[in-house]
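Read off the chains here:
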Amino acid sequence: MPDQLADLLGLDALGIAGDFVGALIAAALVATIMLTNAALAGPWAKRKITAAFTDRIAVNRVGPFGLFIIIADAVRLLSKELIIPEGADRPAYDIGPLLVVLSALGGFAVIPLGSLGPLNFQLADPEIGLVYVFAVASIASLGLVMCGYASDNKYSMLGGLRAVAQNLAYEIPLIVTAMSVVIFAGTLQLSEIVAAQQETLVTVAGVAIPTWFAFVNPFAFVLFLTANLAEVGRNPFDTPEAPTEIVAGYQTEYSSVYFVLIYLGEFLHIFLGGAIIAVVFLGGASGPVLPGLLWMIIKMWAVFLFTQWARSAIPRVRIDQLIEIGWKGLLVLSFANLILTAVIVGVLTV
């Protein structure tokens, strides 16, 4: 995408400087798309979806369909006083919310978001793209720990510790399950994983079913969806910020712009999880009629809808149950899936 933008804007004549400007513009475009989706999801869509699931009326007074609540909430939150606890570890207190947001935005650098017109929305396509996106996304755990520790609050500290325990318990099954897809695709490069899903798996009543890995290995898809719920902190795995137990966990002592950053980072990570699921299991940006970018956004919103359904329908588990499900359940099942996939692929390629 940076090279395409440099060509379209005539920046090639500037040499390295032109490439740098093209990369900055491309990064700004991708960030704007994802920030817009997160801003729409957080203050507005989350409330409307939850209200629909629980048979209530959500925001509908501020602007058409209540959409202007996004602006109202932004003004309300950003105008609040930023209160810093007296005993806070100030550098860590300030850096924590930034890491939560930047880790999610950094993950989108290698996600193939699809094309729109002449532009292919992918900033970089390294050969280890899948490893990169998991590594960058996991930096959010460090941000949550810093938020919990630096707040000088026991509830925040508990929330930070829970976040670490949860991410350790579910990140390993998440990655191991993704590795079963890598065995099928034979690559860690995200564009190649998408390309491997473009053939027709089977034709039913004249309808071609693509070789999306969600169809090829539905067990791995279910495992990944479940582990992703824990990674993004949605029910039944929202114990790090459990309001009925520890006030708001790691974010208890945050207000104003810092709270906005944490809240924004939470929804960016949901969309990043949706993007990874779309690329690894749902054929990426592929789809009929509509441009690829729109299909990718639709698939990310479908995952977001699933997380909101889980939030409304599934009760929270206790922290001990959460850890047990991760280490004794998903971890075992993810390794079983990996071994079975390796055996099947090995037999088929002989």
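Residues numbered from 1 in each chain as written. Predicted model: local features only at pLDDT ≥ 70, side-chain atom pairs only at ≥ 80, totals over all residues. Heavy atoms only, no water.

What follows is about the overall build of the chain. Within the chain one finds 14 helices and four strands. The globule rule puts the C-alpha radius of gyration for 350 residues at 20 Å, and the 21 Å found for the chain is close to it. Once the C-alpha set of the chain is aligned to its principal axes, its extents read approximately 65 × 55 × 40 Å. In the chain, buried positions account for 49% of the 350 residues. Partitioning the contacts of the chain with sequence separation of at least 6, the portion at a separation of at least 24 is 76%. Put simply, the chain shows about 16200 Å² of open surface, and 70% of that area lies on carbon and sulfur atoms. (Helix = DSSP H or I, 4+ residues; strand = E, 2+ residues; numbered from the N terminus. Rg over C-alpha atoms; globule rule 2.2 N^0.38 Å. Buried < 20%, exposed > 50% of the residue type's maximum accessible area, 1.4 Å probe, protein only. Contact = heavy atoms within 4.5 Å. Areas by Shrake-Rupley, 256 points an atom, 1.4 Å probe, with all protein chains shown as cover.)

On to the pattern of salt bridges. This structure, assessed with the given rule, holds four salt bridges. Asp 73 is paired through a salt bridge with Arg 47; the nearest N and O atoms lie 2.9 Å apart. One end of the pair, Asp 73, is in helix α3 (residues 69–78); the other, Arg 47, is in helix α2 (residues 16–53), with 26 residues separating them in the sequence. A relative accessible area of 9% places Asp 73 in the buried class. Residues Asp 73 and Arg 76 are paired through a salt bridge, measuring 3.1 Å at the closest nitrogen-oxygen approach. With Asp 73 and Arg 76 both in helix α3 and three residues apart, the pair spans about one turn of that helix. Three or more residues are tied together by salt bridges with common partners; here these are Arg 47, Asp 73 and Arg 76. (Salt bridge = Lys/Arg side-chain N within 4 Å of Asp/Glu carboxyl O.)

Judged by side-chain polarity, Leu 8, Leu 9, Phe 20, Val 21, Leu 24, Ile 25 and Leu 29 come together as a nonpolar surface patch covering roughly 610 Å² of accessible area. With five residues, the single largest contributor to the nonpolar patch is α2. Position of Leu 9 relative to the elements: it lies in the loop between α1 (2–8) and α2. Leu 9 sits in the partly exposed class, given a relative accessible area of 48%. (Patch = residues over 30% accessible without salt bridge, like charges linked within 9 Å, V, L, I, M, F, W, Y side chains within 5 Å.)

Turning our eyes to something else, we now look at the pairing of strand β4 (residues 207–210). Summarising the sheet, strand β3 (residues 200–204) and β4 pair through four bridges and their orientation is antiparallel. The residue of β4 that forms the bridge with Val 202 is Ile 209. The hairpin turn running from β3 into β4, its antiparallel successor, is two residues long, and Ala 205 in that turn takes a positive phi close to 55 degrees. (Pairing = 2+ DSSP bridges.)

Okay, the environment of Thr 341 next. On the secondary structure map, Thr 341 appears in helix α14 (residues 319–348). When the C-alpha positions of Thr 341 and Ile 325 are compared, they lie 22 Å apart, and in sequence the two are 16 residues distant. If we skip the residues at most four places from it in the chain, Thr 341 touches Ser 180, Ile 183, Phe 184 and Asn 217. A distance of 3.5 Å separates a polar atom in the side chain of Thr 341 from a polar atom in the side chain of Asn 217. (Polar contact = N/O pair within 3.5 Å; in protein donor to acceptor, adjacent residues only side chain to side chain.)

The next point concerns the nonpolar core. Formed by 86 residues in total, the largest nonpolar core has its most connected members in Phe 108, Ile 111 and Phe 281. Per-element tally for this core: the top contributor is helix α12 (residues 256–281), with 15 residues. Ile 111 has contacts with Phe 121, Gln 122, Val 133, Leu 190, Leu 272, Ala 275, Ile 276, Val 279 and Met 296, leaving out every residue within four places of it along the chain. (Core = buried A, V, L, I, M, F, W, Y, C linked by side-chain atoms within 4.5 Å.)

Moving on, we get to the side chain of Ser 103. By the element assignment, Ser 103 lies in helix α4 (residues 90–107). Side chain to side chain, Ser 103 and His 269 meet in a polar contact 3.0 Å long. When sequence neighbours within four positions are dropped, the list of residues in contact with Ser 103 reads Val 136, Ala 137, Ile 139, Ala 140, His 269 and Leu 272.

This part is about helix α10 (residues 218–231). Residues separated by three or four positions in an α-helix point in the same direction, a consequence of the helix having 3.6 residues per turn. End to end, α10 covers 20 Å across 14 residues, agreeing with the expected 20 Å (1.5 Å per residue, within 8%). All of the buried residues along α10 are Ala 220, Phe 221, Leu 223, Phe 224, Leu 225, Ala 227, Asn 228, Leu 229 and Ala 230. Against α5 (129–137), α7 (154–185), α9 (213–216), α12, α13 (292–313) and α14 lie the buried residues of α10. In the segment just after α10, Gly 233 is the residue with positive phi, at about 70 degrees. (Expected span 1.5 Å × (residues − 1).)

This part is about α5. Taken residue by residue, α5 has Gly 129, Leu 130, Val 133, Phe 134, Val 136 and Ala 137 as its buried positions. The buried residues of α5 occupy one face: seen down the axis, they fall within an arc of 170 degrees. Residues of α5 that are buried make contact with α4, α6 (139–150), α7, α8 (190–195), α10 and α12. (Arc of directions from axis to C-beta.)

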